[in-house]
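Fold and geometry: a report
Each chain, written out:
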Amino acid sequence: MQRIVVLTGAGISQESGLQTFRGEDGLWNHERISDICTPEGFARDPLRVDRFYNGLRAGLAHVHPNAAHKALARLEECSNAGTWDGELLIVTQNIDDLHERAGSRNIIHMHGELMRVRCTSCGATPPWHTDCLPQTPCPTCHRPTLRPDVVWFGEIPYHMDRIDRALRQCDLFVAIGTSGVVYPAAGFVQLAGTHADTMEFNMEPSAGNALFDQAILGPATKTVPLWVRDLLNG
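Thresholds, definitions, all that
Residues numbered from 1 in each chain as written. Predicted model: local features only at pLDDT ≥ 70, side-chain atom pairs only at ≥ 80, totals over all residues. Heavy atoms only, no water. Helix = DSSP H or I, 4+ residues; strand = E, 2+ residues; numbered from the N terminus. Expected span 1.5 Å × (residues − 1). Buried < 20%, exposed > 50% of the residue type's maximum accessible area, 1.4 Å probe, protein only. Arc of directions from axis to C-beta. Contact = heavy atoms within 4.5 Å. Domains from an automatic or database assignment. Buried area = accessible area lost by both parts, 1.4 Å probe.

Think of an α-helix as turning once every 3.6 residues; residues three or four places apart then point the same way. Its 13 residues place the ends of helix α9 (residues 220-232) 18 Å apart at the C-alpha level, agreeing with the 18 Å of an ideal helix rising 1.5 Å per residue. For α9, every residue scored as buried is listed here: Ala220, Thr223, Val224, Trp227, Val228 and Leu231. All buried residues of α9 project into a common sector of 130 degrees when viewed along the axis, lining one side. Buried residues in α9 make contact with β1 (2-8), α5 (67-81), β6 (172-176), β7 (197-202) and β8 (214-217). Of the residues flanking the end of α9, it is Gly234, one or two places downstream, whose phi is positive at about 80 degrees.

Laid out in structure tokens, this is it:
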């Protein structure tokens, strides 16, 4: 059985029309990171932060999973059906829900989820599809202490123990549409590369390109479905 860990980054969602945080026209060019994406910024102006993430959440209604998302979902479906002898885990840096909407279920959102909020009083992380404001009560404890369930700068990414185990046990590590500059994700290839094959799918070589055994350049919507097809065909 082949165990595959796929890391996805902003590039895969950008092909669905989502604006990235970094890049030439990234969101961080229009907002200061310290104001929008830190615990300190939220403490100073929770309404501003809530409005920013409310806008991102509303924007998801206008984008859809692309061929790369769907190809990964098909690979997982074939694993579950027993028509492909392998296991697939998607670790995503993205906070959107495009993998889920494509049909993938074995996913780790290491940077949190835009479609959830987190209560700082009781720790609940309920699904969330509408606006959230500073006065919005938690559906579990009813206190107005909700925040975006997103990992901000200075906070530890989610599920790192599970990710570490998966990387140490995988046979193939694949990075799709990630810049290779954001840690700890940028270090995954080094951990997996001690024992597993490694592949990168990107529009252009990432900062860590030299660490991969193989690099496939081009749009993920073209390259990832071809790779999945080849996997399924043996």
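Another aspect to go through is the side chain of Ser16. Counting through the fold element by element, Ser16 comes out in the loop between α1 (10-14) and α2 (33-36). The class for Ser16 is buried, based on a relative accessible area of 16%.

A separate point is the domain arrangement of the protein chain. Structurally, the protein chain comprises domain 1 (1-17 + 65-111 + 157-233) and domain 2 (19-62 + 114-150). Placing the centre of domain 1 and that of domain 2 at their C-alpha centroids yields a distance of 26 Å. Both sides of the domain 1 and domain 2 interface together cover about 870 Å² of buried area, and 58% of this is carbon and sulfur. For the domain 1 face of the interface with domain 2, the top three residues by lost area are Ile95, Asp97 and Tyr158, together amounting to 51%.

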